[in-house]
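Understanding the architecture of this molecule
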Amino acid sequence: TPPRKDPQAEPPVASPVPSDQSRFLRGTLTHALLQHLPALPRASWAAAANAFLAARGAGLSAATLASIAAETEAVLADPAFAPVFGPDSQAEVPVVAVIPRPDGAGPPLRITGQLDRLAVLDDGVLIVDYKTNRGAPRTLAGVAPAYLYQLAAYRLALQDIVPGKPVRAALLWTQGPHLMEIPNEILDSATKDLWQLDTLPS
C-alpha cells in the first residue's frame, strides 16, 4: 500500500526553466514585482519591471524574463485584482498571534508568518497569498490542503488582531492569472483541523 500523502505537502512545482535554481528565482522575482510595482505610477510599470529583471534575473533567458514581466503586469492590470493592489493594501505584512485552544486545554496555537498582500476593504479585510510557480487548479477541490491550512491560520490570526471585521482569504495564481477566494465554510473546516496538526505549514 502506498504511504499516505502528507496533507500539508504542496503539489509539484511547475518547471518553466530547466534548473531548480532558475525555477525558484522566477518565483522570487515575480513576488518582488508584485510587491513593489503597485507603489509606482502605472505608466512606469513596464520600464521598472524590465530594469529590475535585467539587474536581478542574471542566468534567466530573455524569453523567461519577458514572460515574468508580462505575467506580473497582467495581474496588476486586471480590474478583478484592483482591490488587492489598491491604496488601502500592503505587501509582505508580518503576522504574529497566540490563539488559545477552544476547549481551554493544551498549548495555544502559535502563528507566525508573512502575508503576501493584505487589503483593507469597505466590507472587511482580505488576505491574499501568491502562488507563482504552480498551475492554478480548475476547482476549489484541487487546492492543496497545505494552502488551506495556511490561509486558515492567517485568517485566525487576523480575526484576533482586528476583532469585529470580517476576514476573507484568497489565493492569487499568477499563471493565468486567477484570483481564487476560498469560501468561509472551507476555511472553517481547515481551522478545526489546525488543532490536530503537529506543525503549521509555513
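What comes next is a walk through the structure.

So, the sheet that holds strand E2 (residues 109-121)
The 5 strands are arranged E1-E2-E3-E4-E5 in an open sheet whose pairing can be described as mixed. The sheet is open, and its two borders are formed by strand E1 (89-99) and strand E5 (178-181), each paired with just one other strand. Between one strand axis and the next, the sheet turns by 40° as a mean value, whatever way the strands run.

Considering the nonpolar core
A general tendency of soluble globular proteins is for nonpolar side chains to be buried together. Counting 33 residues, the largest nonpolar core has Leu115, Ile127, Leu158 and Leu194 as its most contacted members. Elements with a contribution of two residues or more to this core: E1, E2, strand E3 (124-131), helix H4 (145-161), strand E4 (167-173) and helix H5 (184-194). Here the element with the most residues in this core is H4; it accounts for 10 residues. Excluding residues that lie within four positions of it along the chain, Leu158 makes contacts with Val95, Leu115, Leu118, Val125, Ile127 and Val167. In this structure, Leu65, Ala69, Val128 and Leu172 belong to the second largest nonpolar core, which totals 23 residues.

Digging into the packing of helix H2 (residues 45-56) against helix H3 (residues 62-77)
With their axes 10 Å apart at the nearest point, H2 and H3 run at an angle of 145° to one another. The two elements H2 and H3 meet at a crossing, and its hand is right-handed. Here H2 contributes Trp45, Ala46, Ala49, Asn50 and Leu53 to the contact with H3, which in turn contributes Leu65, Ile68, Ala69, Glu73, Leu76 and Ala77. Here the contact of H2 with H3 is composed, by residue class, of 9 nonpolar, 1 polar and 1 charged.

Looking at the side chain of Thr132
Inspection of the secondary structure assignment puts Thr132 in the loop between E3 and H4. Exposure remark for Thr132: the relative accessible area of 7% places this residue in the buried category. Look past the residues within four positions of Thr132 in its chain and what remains in contact with it is Gly27, Thr30, His31, Thr174 and Gln175.

Structural notes on H5
Every buried residue of H5 is listed here: Leu187, Ala190, Thr191 and Leu194. Along the axis of H5, the buried residues cluster in a sector spanning 110°; they form a single face. Exposed residues lying more than 90 degrees from the buried face of H5 are Glu185 and Lys192. The elements touched by buried residues of H5 are E2, H4 and E4.

Overview of the environment of Ile99
Residue position: Ile99 is located in strand E1. Along the primary structure Ile99 and Asp160 are separated by 61 residues, whereas in three dimensions their C-alpha atoms are 7.7 Å apart. Not counting residues up to four positions away in its chain, the partners in contact with Ile99 are Pro108, Leu109, Ile111, Leu156, Asp160 and Trp195.

Rules and cut-offs
Residues numbered from 1 in each chain as written. Predicted model: local features only at pLDDT ≥ 70, side-chain atom pairs only at ≥ 80, totals over all residues. Heavy atoms only, no water. Pairing = 2+ DSSP bridges. Helix = DSSP H or I, 4+ residues; strand = E, 2+ residues; numbered from the N terminus. Axes fitted to C-alpha atoms, helices over the stretch in contact; angles between N-to-C directions. Core = buried A, V, L, I, M, F, W, Y, C linked by side-chain atoms within 4.5 Å. Buried < 20%, exposed > 50% of the residue type's maximum accessible area, 1.4 Å probe, protein only. Contact = heavy atoms within 4.5 Å. Left-handed = near helix turned anticlockwise from the far one by under 90°. Nonpolar A, V, L, I, M, F, W, Y, C, P; charged D, E, K, R; others polar. Arc of directions from axis to C-beta.

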